[in-house]
Structures are given as C-alpha cells and as structure tokens.
Protein chains: 2
Amino acid sequence: MPEFMDVHRNMSGLTKEALQAAHDADLAIQSDEDVVFKTAWADPDSGVVYCLSEAPSADAVKRIHERAGHPADEIHPVPLKV
Amino acid sequence: MPEFMDVHRNMSGLTKEALQAAHDADLAIQSDEDVVFKTAWADPDSGVVYCLSEAPSADAVKRIHERAGHPADEIHPVPLKV
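What you see is a predicted model, and the numbers here were worked out from it, not measured in a lab.

### Remarks on the overall build of chain A
Stage number 1. Counting its regular elements, chain A contains two helices and five strands.
Stage number 2. In chain A, the succession of α and β elements from N to C terminus is β-α-β-β-α-β-β.
Stage number 3. Referenced to the eigenvectors of the C-alpha coordinate spread, the extents of chain A come out at roughly 35 × 30 × 20 Å.
Stage number 4. When each of the 82 residues of chain A is scored for burial, the buried share is 35%.
Stage number 5. Taking the contacts inside chain A whose residues are at least 6 apart along the sequence as the reference set, 67% of them involve residues at least 24 apart.

### Notes on the relation of the copies chain A and chain B
Stage number 1. Note on the identical chains: chain A maps onto chain B by a rotation of 180° and an axial translation of 0.0 Å, with an RMSD of 0.0 Å. The superposition operator between the copies reduces to a two-fold rotation axis. Looking at the rotation axis and the C-alpha trace of chain A, the residue lying nearest is Tyr-50 of chain A, at 4.7 Å.
Stage number 2. Residue by residue, 100% of the interface of chain A is reproduced at the interface of chain B, so both copies engage with the same surface.

### Things to note about the interface of chain A and chain B
Often the size quoted for an interface is simply the accessible area lost on bringing the parts together.
Stage number 1. Chain A puts 22 residues into the contact, and the matching count from chain B is 22 residues.
Stage number 2. Contributing elements (two or more residues each) for the side of chain A that touches chain B: strand 1 (3–8), helix 1 (16–29), strand 2 (36–43), strand 3 (48–54), strand 4 (74–77) and strand 5 (80–81) of chain A.
Stage number 3. No other element matches the five residues that strand 2 of chain A contributes to the side of chain A that touches chain B.
Stage number 4. Bridge count for strand 5 of chain A against strand 2 (residues 36–43) of chain B is two bridges, and the pairing is antiparallel. Along strand 2 of chain B, the bridge assignment pairs Leu-80 of chain A with Ala-42 of chain B.

### What to know about the sheet that holds strand 5 (residues 80–81) of chain B
Stage number 1. Read across the open sheet, the five strands follow the order 4(A)-1(A)-3(A)-2(A)-5(B); overall the sheet is antiparallel. In the strand order of this sheet, the two ends are held by strand 4 of chain A together with strand 5 of chain B, each with one partner.
Stage number 2. Where helix 1 of chain A meets the sheet, it contacts strand 2 of chain A together with strand 5 of chain B, and its direction lies at approximately 160° from that of strand 2 of chain A.

### Considering helix 1 of chain A
Residue and element names in this part refer to chain A.
Stage number 1. Between the first and last C-alpha of helix 1 there are 21 Å, a value that for 14 residues agrees with the 20 Å anticipated at 1.5 Å per step.
Stage number 2. Three or more residues of helix 1 are buried, namely Ala-22, His-23 and Asp-26. Across the axial projection of helix 1, the buried residues extend over an arc of 95°, all falling on one side. Seen from the open side of helix 1, the exposed residues pointing more than 90 degrees away from its buried face are Glu-17, Asp-24 and Ala-28.
Stage number 3. Each element contacted by the buried residues of helix 1 is listed here: strand 2 and helix 2 (58–67).

### Here we look at the nonpolar core
Stage number 1. Counting residues in each nonpolar core, the largest one holds 37 residues, and the members touching the most others are Met-5, Tyr-50 and Val-61 of chain A together with Met-5, Tyr-50 and Val-61 of chain B.
Stage number 2. Breaking this core down by element, the ones donating at least two residues are strand 1, strand 2, strand 3 and helix 2 of chain A together with strand 1 (3–8), strand 2, strand 3 (48–54) and helix 2 (58–67) of chain B.
Stage number 3. In this structure Tyr-50 of chain B touches Met-5 and Tyr-50 of chain A together with Met-5, Val-7, Ala-40 and Trp-41 of chain B, once residues within four positions along its chain are discounted.

### So, helix 2 of chain A
Residue and element names in this part refer to chain A.
Stage number 1. Here helix 2 has its buried residues at Val-61, Ile-64 and His-65. One side of helix 2 carries all its buried residues, which in axial view fall inside an arc of 95°. Set apart from the buried face of helix 2 by more than 90 degrees, the exposed residues are Asp-59 and Glu-66.
Stage number 2. Gly-69 occupies a position one or two residues after helix 2 and carries a positive phi of about 95°.

### What to know about the confidence of the model for chain A
Stage number 1. Here chain A shows a mean pLDDT of 97. Residues at 70 or above account for 100%.
Stage number 2. Complex prediction metrics read pTM 0.95 and ipTM 0.93.

Parameters and conventions
Every residue gets a number counted from 1 within its own chain, in the order that chain's sequence is written. The naming scheme follows written order: chains are lettered A onward, ligands numbered 1 onward. Per-residue local features of the predicted model are confined to residues with pLDDT of at least 70, and side-chain atom pairs are confined, for both listing and counting, to 80 or more; whole-chain, interface and lining totals are unaffected and use all residues. Secondary structure counts use DSSP, requiring at least four H or I residues in a row for a helix and at least two E residues in a row for a strand, with both numbered from the N terminus. Think of it as a crowd count around each C-beta: if 20 or more other C-beta atoms lie within 10 Å the residue is buried, if 12 or fewer it is exposed, and in between it is partly exposed, with C-beta placed from the backbone throughout. Here, residue contact means that the backbone-derived C-beta atoms of the two residues sit within 7 Å. Least squares is the method for superposing the copies, and the C-alpha atoms it fits come from residues with pLDDT of at least 70 in both. Pairing between strands is defined by DSSP: at least two bridges between the two strands are required. To obtain an axis, a line is fitted to C-alpha atoms, over the contacting stretch when the element is a helix, and the angle between two such axes runs from 0 to 180 degrees between their N-to-C directions. In this scheme, a helix's expected span is set at 1.5 Å multiplied by one less than its residue total. What the arc measures is the spread of directions leading from the helix axis to the C-beta atoms. To form a nonpolar core, buried Ala, Val, Leu, Ile, Met, Phe, Trp, Tyr and Cys residues must be joined through C-beta atoms within 7 Å. pLDDT is a per-residue confidence score from the predictor, ranging from 0 to 100.

What follows is the structure, encoded as structure tokens:
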C-alpha cells in the first residue's frame, strides 16, 4: 500500500491530548477508506503536524481527515523512503 | 533526545539512489553533532523530502544538512507524537 505524508498547519498550542483525540478520530473511521494512519508528529509552537499513513490514494487520506474535522493542508505520496 | 522533522523542497526528479546518497552523506558526519537521522521520505513529483531525526537541537540538524550539501528549508522540533 502506498505511503503518504500529510501536513496540517495553524495548530499552534496543540496539546498531547488534543493530538491524541484528533488521531483517534481518524482511526475510528479510517477503515471506511482502507487508510491506516501510522504516526503523527506535532510542533505546538509553530503549529505544524505531520501525519504518516498508508492508503490507496491521497484522496482517501483527504476524505478521512475532512470527515474527522481536521482537513490537511498538503498531502504527498512518499514512494521513496530510506 | 528530542525529535525533529525537517523539510527539503525543490527536489523534483529525485531518485531512490540520490535520496540514499544524500542520506548516507548525512549519516557519515551526523555523529559530529550527536544527530541521528532515522527516516527520510520523498515525493519526487512535488520535490518534497521529510527527514526525521533525533538531535540535541534544530541547529545541529541544520549544520549537518548544510555540510552534507542539502540545506533544509524548514526544521521543526516535534515534541508530540502519537
């Protein structure tokens, strides 16, 4: 399954609990689109969040994040990994 | 050790071999700054590369990437992870 990295901005002040709640909201519905969210990393100071997933398409990732209430600002396939 | 996510842009057309060579150049000198580069993900179409590392500071990551010949466009501490 292809991997994707998506980016959320303007999340300054995000707490660990809020990040976990957002991630849990994705996990609760991800199977509707065959998406598997793996890891999310956040910088509460600059307000940027990076999410790594496996998914059939970027649109599938986009739809899950939108339905979970936190649309992504960028979604990139990352076919290369070292 | 804190984790950092850094971003490189304008790397369109990047190949797996070029990504590996860039990563190897980082690994060769990372111990000078106590940095440990963990994973790099790339999208050759949009030319964006994400690098996850452990390091004592963002400046340490910055210096290693600069000396290896591929300065980062953004470096963010990512103290939150789920």
